[in-house]
Amino acid sequence: MTTSVGIASRALIGAAIGALAFGSMAQAQELKAINFMSSNDGSCSVYPQFGLQAFGYLAKEGYKLNFLSSDTSVPYVAFLANGDADIAMLDAIETLTARAQGHDVKVVYETHQFAPEGIVVLADSPIQDLSELKGKTVGLAEQPDEITTQIALDTVGLTLDDVTTFVVGNKGPVMASALRDKTIDAFAGGSSDRAAIEAQGVVFRNITPDAISRNPGNSLVVWGPTMEEKRPMIQAFVKAWAAAQTAGPLDIKATVAACRTFIPEQFENLEKGTKMVSYSAYTTQLRRTFNAGDLQADVWSSIQPAYIKADVITAEVDPATFLDTSFQKGIRELTTEYIKEGIAEWKKANPDQVIN
């Protein structure tokens, strides 16, 4: 992960550039801040968090984004509970664990309807599927990735006892070196981790079963007791996020260009940076439901037995107790014309940033 100081500096630079797209509108009113905790505030792999700013979708709703650092060891749910975070991005494990512990969190939007976590091997590795990992070494980006590994191995009749795991860390050069030098045979991590490896020139293959990937990998989550008083804010954020998420596949070049103004170092190699954003737009964050971000109660139910078997939770949690569909109205009001308008405004204000 990236330190909050670096992120704050880049966000200010990017916001200054992106603000040109809607300067007159933003100057006409004072924007209210939304405190948001992203799964990774320093990566364009989560491209909607930058698109909703650059293309003016959030400002048009009367709000601006304030990132809380994702580089923390404190559970995100704590920031929701104490009011520091208005909205946080939690993965399925974090959400179910919070509910199992009695925390009143509500999922309002599924940002990743394809789990970004997975296991990869070098492109030229002799390992073709998970069953061939027996006796091998699996590197982890972070300790929680051991759970993903455990659940994946279970699908082929293996356990963690059949492999050796250790935390490699989530720094691109280190992860890439571990794979390239064959310190590890496989790597388990999220999409931003794989993007960091790819940025180092390492080519890999994903051997994660599709069944594991059908999972709400990340969702926008709020604190239940304060949801009603924050409803206008949450509605604005969800609508802006849906617009920015849709803008990705609608105009990938504009999305890449806008993201580059916020995190320029991820685009020193434009081709690799574009691949990272494209993978997010067309795979992990591609809409897989009728409306963007629709909540899939059946999927939330289907993933829980594996988490129980992995001792992540002790009993199933009824999705009806934590899925809140009441914010979908704003998303249904979005039109392609509205989304294209935001992109066009940004291009007009930033002609030197446009990728042809």
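Counting of residues starts from 1 at the beginning of each chain's written sequence and follows it residue by residue. Only residues with pLDDT of 70 or above have their local features reported here, since the model is predicted, and side-chain atom pairs are shown and tallied only from 80 upward, although totals for entire chains, interfaces and linings are computed over all residues. The basis for every side-chain value is the complete set of heavy atoms in the structure, and neither hydrogens nor water enter the calculation.

A. Region of interest: the overall build of the chain. Only DSSP runs of H or I covering at least 4 residues are called helices, and only runs of E covering at least 2 are called strands; the numbering of each starts at the N terminus. Within the chain, the secondary structure is distributed over 16 helices and 10 strands. For the C-alpha atoms alone, the extent of the chain along its principal axes is close to 65 × 45 × 35 Å. We call two residues in contact when some of their heavy atoms are within 4.5 Å. Summarising the internal contacts of the chain: among those between residues at least 6 apart in sequence, 81% fall at separations of at least 24. About 14,800 Å² of surface is accessible on the chain, with carbon and sulfur atoms providing 52% of the total. Counting rule applied: Lys, Arg positive; Asp, Glu negative; His and chain ends not counted. Charged side chains are reduced to one point each, which is NZ for Lys, CZ for Arg, CG for Asp and CD for Glu. The positive charge centre, built from 29 side chains, and the negative charge centre, built from 42, are 6 Å apart in the chain. Note on areas: Shrake-Rupley with a 1.4 Å probe; residue coverage comes only from the protein chains shown.

B. Focus on helix 8 (residues 191–198). Only protein chains enter the accessibility calculation, which uses a 1.4 Å probe; a residue whose area is less than 20% of its type maximum is buried, one above 50% is exposed, and one in between is partly exposed. Of the residues making up helix 8, those classed as buried are Ser-191, Asp-193, Arg-194, Ala-195 and Ile-197. On its buried face, helix 8 sits against strand 5 (118–122), helix 7 (172–180), strand 8 (186–189), strand 9 (204–206) and helix 12 (270–284).

C. Region of interest: the environment of Phe-327. Tracing the backbone shows Phe-327 in the loop between helix 14 (304–309) and helix 15 (328–332). For Phe-327, the residues in contact, after removing those within four places along its chain, are Val-108, Met-227, Arg-231, Ile-234, Gln-235 and Val-238.

D. Layout of the packing of helix 7 against helix 8. Between N-to-C directions, angles span 0 to 180 degrees; the directions come from axes that are lines fitted to C-alpha atoms, helices contributing only their stretch in contact. It is at 8 Å that the axes of helix 7 and helix 8 come closest, and there the two elements cross at 75°. As far as their axial angle goes, helix 8 and helix 7 are roughly perpendicular. Between helix 7 and helix 8, the contacting residues are Gly-172, Met-175, Ala-176 and Leu-179 on the first element and Asp-193, Ala-196 and Ile-197 on the second. Any residue outside Ala, Val, Leu, Ile, Met, Phe, Trp, Tyr, Cys, Pro, Asp, Glu, Lys and Arg is labelled polar, Gly included; the first ten of those are nonpolar and the last four are charged. Residues of the contact of helix 7 with helix 8, tallied by class, amount to 5 nonpolar, 1 polar and 1 charged. Comment on the angle field: the value is read as roughly parallel under 35 degrees, roughly antiparallel over 145, roughly perpendicular from 65 to 115, and oblique elsewhere.

E. Representation of the sheet that holds strand 7 (residues 164–167) within the structure. Taken in spatial order, the 5 strands line up as 7-6-8-5-9 in an open sheet, and their pairing is mixed. The open sheet has two edge strands, strand 7 and strand 9, and neither has a second partner. Averaged over neighbouring strand pairs, the angle between their axes works out to 30° when direction is ignored. Here, any two strands with at least 2 DSSP bridges between them count as paired. In this sheet, strand 9 lies alongside strand 5 in antiparallel orientation, the contact comprising 3 bridges. Pairing of Val-120 across the sheet is with Asn-206, part of strand 9.

F. Main features of the pairing of strand 4 (residues 105–112). With 8 of 8 residues buried, strand 4 is to be regarded as a mostly interior element. Looking at chain direction, strand 4 and strand 10 (residues 218–223) are connected through 6 bridges and run antiparallel. Counted as the bridge partner of Val-105 is Trp-223 from strand 10.

G. View of helix 10 (residues 231–250). The end-to-end C-alpha separation of helix 10 is 28 Å, in line with the 28 Å expected for 20 residues at 1.5 Å each. With 15 of 20 residues buried, helix 10 is to be regarded as a mostly interior element. Here, expected helix span is obtained from the residue count minus one, scaled by 1.5 Å.

H. The sheet that holds strand 2 (residues 63–68), seen in detail. Taken in spatial order, the 5 strands line up as 2-1-3-10-4 in an open sheet, and their pairing is mixed. Edge strands, defined here as strands with exactly one partner in the open sheet, are strand 2 and strand 4. The average undirected angle you get between the axes of adjacent strands in this sheet is 30°. Helix 10 contacts strand 1 (32–37), strand 2, strand 3 (87–90), strand 4 and strand 10 of the sheet and is inclined by roughly 15° relative to strand 4.

I. Just the environment of Lys-275, in detail. Relative to the helices and strands, Lys-275 is located in helix 12. With a relative accessible area of 43%, Lys-275 lands in the partly exposed category. Separated by 28 residues in sequence, Lys-275 and Ala-247 have C-alpha atoms that sit 16 Å apart.

J. Focus on the state of the cysteines. By definition, disulfides here are pairs of cysteine sulfur atoms that lie within 2.5 Å. Overall, the coordinates contain 0 disulfides when judged by the stated rule. Free of any disulfide, Cys-44 has its nearest cysteine sulfur in Cys-259, 3.4 Å distant. Given a relative accessible area of 0%, Cys-44 falls into the buried group. A relative accessible area of 1% means that Cys-259 is categorised as buried.

K. Up close: the confidence of the model for the chain. As a per-residue quantity, pLDDT reports the predictor's confidence and falls between 0 and 100. Taken residue by residue, the chain gives an average pLDDT of 89. The fraction at 70 or more is 92%. Note that residues 1–28 has pLDDT below 50 and, in this model, 45 contacts with residues that lie over four places away or in other chains.

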